[in-house]
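Chain by chain, the residues:
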Amino acid sequence: MQESFSVTVTEVFGAPENGPIPSDADIDGSLCDKNAHAFRIFCDEKETGGAIVLFDKASRRASLDLFFLFRNCLGKGIGYRAWEAIECAFPQTKVWELYTPCFEKRNIHFYVNKCGFHIVEYFNPHHPDPHGTPGNTSETEDFFRFEKQMGLLFVLPDKDELQEIFRAGLAQRNECENEKDPKSAQIALKEPCGTQAEEYRIAYFAGEKIGWIRLQRDTDQVLLNDLYILPHKRRKGFAKEILRHVCNEAPCIGAYVFQNNVQALALYQSFGFHPVRNVRNMLFLQYKKNNSEIF
């Protein structure tokens, strides 16, 4: 870690005179924090770096306390992939925070232009950090504080969440179809899925779980087999946010919607979905980016 951090310091200031950066005490203090989570970063089974995250469950704020890649791993896209994995490891985070020295132009570009952070405070001799800036030394006394307000985030469900998804899907189908036989409902739930593997994603917004989607990759399109919003999160625009995200990610999308679900049909049609065929009591809708406008 110290070798990785010293690269830019040495380029700008020469060899550090006051010992390695960050100091042993800073690293130990970070690792021993009660909210610390330490990670080693691997790519293609090779260790490429590491990170320490401080996550406060009460405030749902997370701090990227230390984050580094080995020198020979820079400029290969590993940092961004690692950051995406870190975000997904803490889906309940409402706000992310980090510090970086003002001379670290590579890091500032990465956090602002790649990861979506915003500079919210500038610490310097005229405006010192009242809590003490991590890793602060005489060579690196000017720091930026960054924040990222979390928006929409998709994460893989665990086993318990998959069971929750399946139960909610059955309940929704029973409600829409008035299906009383559980076995019939289970068969009906799987009907639109075909034979290819599906992808389940839990949707979070600002650190709170709002629902999930069920996707299936076909040869020439993505099938949106389910878009579910938790009951207490409905009528807040979350379905539109999720659908906008899916439409921006894929050029051609197919979706199954119950014919009696008037609100869902209106939502899909507002995004440019058009009915293609009937499947039992469902409509198969299709969206093509070149022929549609997302509102």
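Anything mentioned here points back to the structure above.
Residues numbered from 1 in each chain as written. Predicted model: local features only at pLDDT ≥ 70, side-chain atom pairs only at ≥ 80, totals over all residues. Heavy atoms only, no water.

### Quick look at the packing of aromatic side chains
Under the defined criterion, the tally for this structure stands at 18 aromatic pairs. Between W212 and Y228 the ring centres are 4.5 Å apart and the planes differ by 15°, which places this aromatic pair in the stacked class. Placement of the pair is W212 in strand β9 (residues 208-217) and Y228 in strand β10 (residues 222-229), with a sequence separation of 16 residues. Y228 sits in the buried class, given a relative accessible area of 9%. Through successive ring pairs, a cluster of aromatic residues spans F39, F55, F67, W83, F90, W96, F110, Y111, F117, Y122, F144 and F146. Sitting over the face of the ring of Y228, R234 holds its NZ or CZ atom 5.3 Å from the ring centroid. Note that R277 overlies the ring of F284, its terminal NZ or CZ placed 4.3 Å from the centroid. (Phe/Tyr/Trp six-rings, centres within 6.5 Å; stacked < 30°, edge-to-face > 60°. Helix = DSSP H or I, 4+ residues; strand = E, 2+ residues; numbered from the N terminus. Buried < 20%, exposed > 50% of the residue type's maximum accessible area, 1.4 Å probe, protein only. Lys NZ or Arg CZ within 6 Å of the ring centre and 35° of its normal.)

### Describing the sheet that holds strand β3 (residues 61-69)
Consider a sheet: its strands pair through backbone hydrogen bonds, and that pairing is either parallel or antiparallel. Sheet architecture is open: six strands sit in the order β1-β2-β3-β4-β6-β5, paired in mixed fashion. One side of each edge strand has no neighbouring strand; the edge strands of this open sheet are β1 (36-43) and β5 (118-123). Within this sheet the neighbouring strands show an average axis-to-axis angle of 25°, counted without direction. Pairing analysis gives eight bridges linking β1 to strand β2 (residues 46-56), with the strands arranged antiparallel. For A38, the partnering residue across the bridge sits in β2 and is I52. Of the strands in this sheet, β1, β2, β3, β4 (95-101) and β6 (143-149) touch helix α3 (residues 78-89), which is tilted by about 150° from β3. (Pairing = 2+ DSSP bridges. Axes fitted to C-alpha atoms, helices over the stretch in contact; angles between N-to-C directions. Contact = heavy atoms within 4.5 Å.)

### Notes on the environment of R60
By the element assignment, R60 lies in the loop between β2 and β3. In contact with R60, not counting residues within four places along its chain, are F55, Q92, T93, K94, V95, A206, G207 and E208.

### Comments concerning helix α4 (residues 105-114)
An α-helical turn contains 3.6 residues, so any two residues separated by three or four positions project in the same direction. All buried positions along α4 are accounted for by I108, F110 and Y111. Taken around the axis of α4, the buried residues stretch over an arc of 165°, which confines them to a single face. Residues of α4 that are exposed and point more than 90 degrees away from the buried face comprise K105 and N113. One or two residues past the end of α4 sits G116, with phi positive at roughly 85°. (Arc of directions from axis to C-beta.)

### What to know about the nonpolar core
Here is a general trend for soluble globular proteins: nonpolar side chains tend to be buried in one another's company. Membership of the largest hydrophobic core comes to 34 residues, with the highest contact counts inside it found for L64, F67, W83, I86, W96, Y111 and F117. The residues touching I86, leaving out its near neighbours within four places in the chain, are A51, V53, L64, F67 and W96. (Core = buried A, V, L, I, M, F, W, Y, C linked by side-chain atoms within 4.5 Å.)

### Details of the environment of A82
Relative to the helices and strands, A82 resides in helix α3. Note on A82: relative accessible area 9%, which makes it buried. In sequence terms A82 and G50 are 32 residues apart; their C-alpha atoms lie 9.1 Å from each other.

### Some words on the sheet that holds strand β7 (residues 152-155)
Here seven strands make up an open sheet; going across it, the order is β7-β8-β9-β10-β11-β13-β12 and the pairing mixed. Unpaired on one side and paired on the other, β7 and β12 (274-279) mark the two borders of the sheet. Across the sheet, the axes of successive neighbouring strands diverge by a mean angle of 30°, strand direction being ignored. Along the sheet, helix α7 (residues 238-249) makes contact with β7, β8 (198-205), β9, β10, β11 (252-258) and β13 (282-288), crossing β10 at roughly 165°.

Shape is all these values report; function is a separate question.
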